[in-house]
Amino acid sequence: MDLHTLSVAALQKQLRSGSVSAVEALDALESRISIVDPKVGGYLSHSTHQARKEATAADLSKPLGGIPIAIKDVINVTGEGCSAASKILKGYTATYDATVIRKLREAGAIPFGRLNMDEFAMGSSTENSAYQLTRNPWDFSRIPGGSSGGSAAVVAADEAYASLGSDTGGSIRQPAALCGCVGLKPTYGRVSRFGLIAFASSLDQIGPFTKTVEDSALLLNALAGKDPMDSTSVDLPSDNYTRLLGQDLKGIRIGMPKEYFIEGIDPQVDKAVRDAIRHYEALGAEIVEVSLPHTEYAVAVYYIVATAEASANLARFDGVRYGHRADNVQNLLDHYTRTRSEGFGEEVKRRIILGTYVLSSGYYDAYYLRAQKVRTLIRQDFTRAFEKVDALICPTSPEVAFRIGDRSDDPLKMYLADIFTIAANLAGNCGISIPCGFANVESKRLPIGLQLLGKPFEEAKLLQIAHAYEQSTPWHRERPDLSSSGL
Amino acid sequence: MSAEFDVRYTAQLARLSLTDAEAAKFQSQLSQVLVYVEKLKQVDVSGVEPTAHSSEMNNVFRADEPRDWFTSKQALSNAPRQANDLFVVTKVIE
């Protein structure tokens, strides 16, 4: 039996029945990593010593007892590196656990490995990592999406049972779509960000990458909850996110936002998503057309708000308390300027400069304040739509995975790759990407993602709706060919 | 507005220095982005309140009580330079 191919739920059953041990589950991953990761490049590092100790002592009665979970390199795990795939944090060792890590440990899980990403989560292809490329397991000449490209690729390549990522403008959902796995962005405030290196604090949210919707619910059970260390985490009674799984869709209304079905979408993506909508009708859901009239402004609002917040958040990298520090500096200004110019990569510099500009004296009202007002209108669009429907349905990405290098010199084109995911971060609602088919491109099969957006704090219903589709379609069972011939 | 965008001046506000090649490239790329975001001018925002973030909350308080956290050794463990259990900074006053 190929242990590494198991879902979290299936592995949990095997562990509890005693047919495999937590150490064997870890060994299976290590052996898989050694075979496929030289090609995929999803892991920046993985240290087996500590994980093995934890596996030996695992309490299998806990909800995620003995299950290794791979972690995006932007979330602090005590004793491990946490570089945000940036040179400026090379050599940094975390001295504390992020709240999500503490909660995973409390649920019995084992944080394992550090996953590649776009530097400081800025990008849609993982090409902005200062360390390495990550390749799409379905076609090694293509990107895995981003910024959580490593988190998506290792789950798709069966080198992780599940992983954590972060989503500021689509950084969980878009790579999940492009790699053919399940990616959940919880509602803003559902999961604590304490211990997540901040990119844009009004948008960032941590969430799971999994092989199935059920696994996504199991991980959210562990991750969710109010945290005194993150004042934006919301104090709501804890929910059981698996409670609605398996219920039928009678009485569920799903909205098709007409602004999301536009020219410019890859025809194979458009067809797969329209087929999925018909499938939902067959499952008993009612499909209605809705309008989100301010959709076309979302990307512009996002690149003002997110870069403004990033320029403030990244001011902390000053070469004093942690991270890179320039040598032989002449004075304080030289110290800051050389430390930051040597440490940050190109896209990070570009965004800090843009964010600094939109906040600078004389431009604040024209850019930042106006963007915040349009953000209000985008939120109101969603509030109105959710008065009529339980969820919205659309493509996760207008296209399938593009070739490595295709967009690197055109930031604006790269930014437009996030066109369908960004609004959920601006509005704060939850969203999920699930596999809904494949596009045939140059004799390769490339995954297509279906995005479902749910009302704030209604993840249980969102997961129910996603699960009903998944369980009645074959897509989530498909895997890339990584046998020795495929490699 | 984007005509007034000066990449070197803005970079210096953010404590970044750019090579000539970087400056030329960023000037052109970011000018394009600024032209793109001009579309926000089409939107009527009169009477619209700004959104700072999406959850409906105001002040969040917790009990102001001391608790265990980093030791100074842990806090200093990633410092590029330290002395006498303190961070070493570059001289601020000449």
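Residues numbered from 1 in each chain as written. Chains lettered and ligands numbered in written order. Predicted model: local features only at pLDDT ≥ 70, side-chain atom pairs only at ≥ 80, totals over all residues. Heavy atoms only, no water.

Participant: Explanation requested: the pairing of strand S2 (residues 68-72) of chain A in the structure shown.
Facilitator: The side chains of a regular strand alternate between both faces of the sheet. Residue and element names in this part refer to chain A. Burial within S2 is extensive, with five of its five residues counted as buried. As defined by bridge partners, S2 adjoins strand S3 (residues 110-115) across four bridges and the pair is classed as parallel. Across the sheet, the residue bridging to Lys-72 is Leu-115, located in S3. At this point the chain moves from S2, through helix H4 (residues 99-106), to the parallel S3, and the crossover so formed is right-handed. For S2 and strand S4 (residues 162-167), the ladder comprises two bridges, and the chain directions are parallel. Among the inter-strand pairings, Ile-71 is bridged to a residue of S4, identified as Leu-164. (Buried < 20%, exposed > 50% of the residue type's maximum accessible area, 1.4 Å probe, protein only. Helix = DSSP H or I, 4+ residues; strand = E, 2+ residues; numbered from the N terminus. Pairing = 2+ DSSP bridges. Right-handed = clockwise from strand over helix to strand, strands pointing away.)

Participant: For this particular structure, what's the right way to read the sheet that holds strand S7 (residues 253-257) of chain A?
Facilitator: Pairing between sheet strands relies on hydrogen bonds along the backbone, with the strands arranged either parallel or antiparallel. Residue and element names in this part refer to chain A. The strand order S1-S3-S2-S4-S6-S5-S10-S11-S9-S7-S8 describes an open sheet built from 11 strands, whose pairing is mixed. Taken across any chain shown, the strands that pair with only one partner, and hence form the sheet edges, are strand S1 (43-45) and strand S8 (286-290). Pairs of neighbouring strands in the sheet enclose a mean axial angle of 35 degrees, with direction left out of account. Looking at chain direction, strand S10 (residues 430-441) and strand S11 (residues 444-454) are connected through 10 bridges and run antiparallel. Directly across from Ala-439, in S11, lies its bridge partner Leu-446. This element, helix H5 (residues 149-156), spans S1, S2, S3, S4 and strand S6 (205-210) of the sheet and lies at about 155 degrees to S4. (Axes fitted to C-alpha atoms, helices over the stretch in contact; angles between N-to-C directions. Contact = heavy atoms within 4.5 Å.)

Participant: Just checking my understanding: could you explain helix H8 (residues 267-282) of chain A for this structure?
Facilitator: Every α-helical turn comprises 3.6 residues, leaving residues that sit three or four positions apart pointing alike. All names here are of chain A. Taking 1.5 Å of rise per residue, the 16 residues of H8 would be expected to cover 22 Å, and the 23 Å separating its terminal C-alpha atoms lies within 8% of that figure. Among the residues of H8, Val-269, Asp-270, Ala-272, Val-273, Ala-276, Ile-277 and Tyr-280 are the ones counted as buried. The arc that holds every buried residue of H8, seen down its axis, measures 165 degrees, which confines them to one face. Along H8, the residues that are exposed and aim more than 90 degrees away from the buried face are Pro-267, Lys-271 and Ala-282. On its buried face, H8 is in contact with S7, S8, strand S9 (391-395), S10, S11 and helix H15 (459-471). (Expected span 1.5 Å × (residues − 1). Arc of directions from axis to C-beta.)

Participant: Quick question: what am I supposed to make of the interface of chain A and chain B here?
Facilitator: When the parts of a complex come together, some accessible area is lost, and that lost area is often taken as the interface size. Listed per partner, the contact involves 69 residues of chain A and 59 residues of chain B. At the boundary of chain A with chain B, total buried surface from both sides reaches about 5,600 Å², with 66% on carbon and sulfur atoms. Taken as a group, Arg-325, Ile-353 and Arg-370 of chain A account for 12% of the area that chain A buries against chain B, more than any other trio of residues on that side. Our count for the contact surface shared by chain A and chain B stands at three salt bridges. With a shortest N-O distance of 3.2 Å, Lys-349 of chain A and Glu-22 of chain B are connected by a salt bridge. Counting every contact that joins chain A to chain B gives 21 residue pairs in polar contact (both at pLDDT 80 or more). (Buried area = accessible area lost by both parts, 1.4 Å probe. Salt bridge = Lys/Arg side-chain N within 4 Å of Asp/Glu carboxyl O. Polar contact = N/O pair within 3.5 Å; in protein donor to acceptor, adjacent residues only side chain to side chain.)

Participant: I would appreciate a short explanation of the pattern of salt bridges in the present structure.
Facilitator: A side chain of one charge can pair with a side chain of the opposite charge if their charged atoms are brought near each other. All names here are of chain A. Under the defined criterion, the tally for this structure stands at 33 salt bridges over all chains. With its nearest N and O atoms 3.0 Å apart, the salt bridge here joins Asp-158 to Arg-479. With Asp-158 in the loop between H5 and S4 and Arg-479 in the segment after H15, this pair connects stretches of sequence that are 321 residues apart. Put simply, Arg-338 and Glu-342 hold a salt bridge, and the shortest N to O gap is 3.6 Å.

Participant: Just checking my understanding: could you explain the side chain of Thr-307 of chain A for this structure?
Facilitator: Residues and elements named next belong to chain A. With respect to the secondary-structure elements, Thr-307 resides in helix H9 (residues 298-313). The class for Thr-307 is buried, based on a relative accessible area of 1%. In terms of polar contacts, Thr-307 uses its side chain to reach the backbone carbonyl oxygen of Ile-304, at 3.3 Å. Each residue touching Thr-307, except ones within four places of it in the same chain, is listed here: Tyr-302, Arg-351, Leu-354, Gly-355 and Val-358.

Participant: I would appreciate a short explanation of the environment of Val-45 of chain B in the present structure.
Facilitator: Here Val-45 of chain B is to be found in the loop between helix H2 (20-37) and helix H3 (72-76). As a C-alpha pair, Val-45 of chain B and Asn-58 of chain B span 13 residues in sequence and 23 Å in three-dimensional space. With near-sequence residues (within four places) excluded, Val-45 of chain B lies in contact with Arg-370, Lys-373, Val-374 and Leu-377 of chain A.

Participant: In this structure, what is going on with unusual backbone geometry? I would like to understand it.
Facilitator: Most peptide bonds take the trans form, and the phi angle of most residues other than glycine is negative. All names here are of chain A. Across the junction of Gly-146 and Ser-147, the peptide omega takes the value 5 degrees, indicating a cis bond. Mapping Ser-147 onto the fold places it in the loop between S3 and H5. The phi torsion at Ala-84 lies on the positive side, around 50 degrees, for a residue other than glycine. A positive phi angle is found at Glu-442, which is not glycine, with a value near 50 degrees. Structurally, Glu-442 can be placed in the loop between S10 and S11.

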